[in-house]
Amino acid sequence: MEFAEVARELLLVAPADFVRERTARQRAVRKDDRALATRIGGLRKPAPAAWVVDLLAHEGALDEAVDLGPAIRQAQADADPAAIRQLRQQRGAVVTALAQAGADLASHAGHPATSAVLDQVRATIEAAMTDPHAGAAVRSGLLVRPLESAGFEAVDLDGALADPAAVPDAWSGTDAEPIPITSARRTRKASRASRPDPGPRAEPESEEQPTPTPAPTTAADPAAERRAAREAESVARSESRDADAALDAAESELEAAEDHRSDLERQLAEATAAVGRAERARDEAEAASDRARELLRAAQRHRRDVGR
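Residues numbered from 1 in each chain as written. Predicted model: local features only at pLDDT ≥ 70, side-chain atom pairs only at ≥ 80, totals over all residues. Heavy atoms only, no water.

Of the regular secondary structure elements, the protein chain holds 9 helices and 0 strands. Across the protein chain, helices and strands are ordered from the amino to the carboxyl terminus as α-α-α-α-α-α-α-α-α. Burial analysis of the protein chain (308 residues in total) assigns 30% to the buried set. Long-range pairs, those at least 24 residues apart, make up 64% of the contacts in the protein chain between residues at least 6 apart in sequence. (Helix = DSSP H or I, 4+ residues; strand = E, 2+ residues; numbered from the N terminus. Buried < 20%, exposed > 50% of the residue type's maximum accessible area, 1.4 Å probe, protein only. Contact = heavy atoms within 4.5 Å.)

With that settled, the discussion passes to the nonpolar core. Core analysis: the largest hydrophobic core is formed by 51 residues, its most contacted members being Leu62, Val121, Ile125, Leu142, Leu143 and Leu147. Mapped onto this core, the elements with two or more residues apiece are helix 1 (3–10), helix 2 (15–30), helix 3 (34–41), helix 4 (48–58), helix 5 (63–78), helix 6 (81–108), helix 7 (115–130) and helix 8 (132–139). Top contributing element to this core by residue count: helix 4, with 8 residues. (Core = buried A, V, L, I, M, F, W, Y, C linked by side-chain atoms within 4.5 Å.)

With that settled, consider the pattern of salt bridges. Inspection of the entire model under this criterion finds 12 salt bridges. Where Arg22 meets Asp283, a salt bridge forms, and the shortest distance between an N and an O atom there is 2.8 Å. Placement of the pair is Arg22 in helix 2 and Asp283 in helix 9 (residues 222–307), with a sequence separation of 261 residues. Taken individually, Arg22 and Asp283 each receive the classification buried, so the pair is uniform in this respect. Here Asp119 makes a salt bridge to Arg122, at a shortest N to O gap of 2.8 Å. Residue Asp119 and its partner Arg122 are located together in helix 7, separated by 3 residues, close to a single helical turn. On the basis of relative accessibility, which here comes to 29%, the residue Arg122 falls in the partly exposed class. Here the salt bridges do not stand alone but share partners, grouping Asp17, Arg20 and Glu21 into one network. (Salt bridge = Lys/Arg side-chain N within 4 Å of Asp/Glu carboxyl O.)

For the rest of this paragraph, the subject is helix 3. Where helix 3 is concerned, the buried positions are Leu36, Ala37, Ile40 and Gly41. Taken end-on, helix 3 shows its buried residues confined to a sector of 140 degrees, consistent with a single buried face. Where helix 3 begins, the side chain of Asp33 points an oxygen toward the backbone nitrogen of Ala35, at a separation of 3.3 Å. (Arc of directions from axis to C-beta. Polar contact = N/O pair within 3.5 Å; in protein donor to acceptor, adjacent residues only side chain to side chain.)

Considering only alpha carbons, one finds Arg122 and Ala49, 73 residues apart in sequence, at a separation of 9.1 Å. Residues in contact with Arg122, not counting those within four places in the same chain, are Val95 and Ala99.

So, on to helix 1. Those residues of helix 1 not exposed but buried are Phe3, Ala4, Val6, Ala7 and Leu10. Mapping the buried residues of helix 1 onto a view down its axis gives an arc of 160 degrees, with all of them on the same face. For helix 1, the elements touching its buried residues are helix 2 and helix 3.

For the rest of this paragraph, the subject is the environment of Leu11. One can find Leu11 in the loop between helix 1 and helix 2. Along the chain, Leu11 and Asp54 lie 43 residues apart, while their C-alpha atoms are 7.0 Å from each other. Setting aside anything within four residues of it in sequence, one finds Leu11 in contact with Phe18, Arg44, Pro46, Trp51, Asp54, Gly141, Leu142, Leu143, Val144 and Ala162.

Glancing now at the confidence of the model for the protein chain. Looking at the protein chain, pLDDT values average 76 and 69% of them are 70 or higher. Confidence scores differ between elements of the protein chain, with helix 5 showing the lowest mean pLDDT of 71 and helix 4 the highest of 96. (pLDDT = per-residue confidence, 0-100.)

Below, the structure is given as structure tokens:
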């Protein structure tokens, strides 16, 4: 499964449930694809306005708005007042309808959008009409932050997409200059190289000790029989010592292997606990980041109100 596909699914999750769903998806794929699990773990929770826009993109509701963009830009280039006035009225109606549709989708998902969030939704849709790159970004369903257009300047898309590489038209459209996106230049981590199978271990060939053949004796030679018995006893004693030594060595190897396994199990437990702590710390940091962004937006609104 591609990261962009997973990201699109997760970005549709209500913000209150996003972190839990992201962690569950990350754990589900970690065993089979650690690289994908790492990317999922790094997926940012979308800003509320971006989430609403992604809901609209998932429904295919943004096509009309984005397709209206070229006509607006052409009318502005032609300096046609009548066309500009008509298209602006059409744009206003489309944006208003889409904002209402987004509000309905958000409410249906159990996370109603505030008026401030809907203002950002409108601004994002208007940015998509202004800039073809922004239009591609908005239609991708991978938006993680709202957009804003500033006159005739290109819309800032840096950090706006969960997977910029999955939306090349966001920075290389055919009818506008490319917009560099730093995060799109990242080199993807290579998949883990498969290790060659060393094959089964070769078992050492056992060398059988030939049992000496006792010298032929006769019933009439008791001394020869005693010598043969002593020789057989000596060979048996030697083989017994060798077997005991082999048993001691095998037991030592088994004990070392069990100690090594215990070490690995302890390390695995420690690593699992560390991953859990890191995930909790990341989630707390992400929540703090969300609160900081809300404070920043509130401060910006306050500054604008004071400046009026």
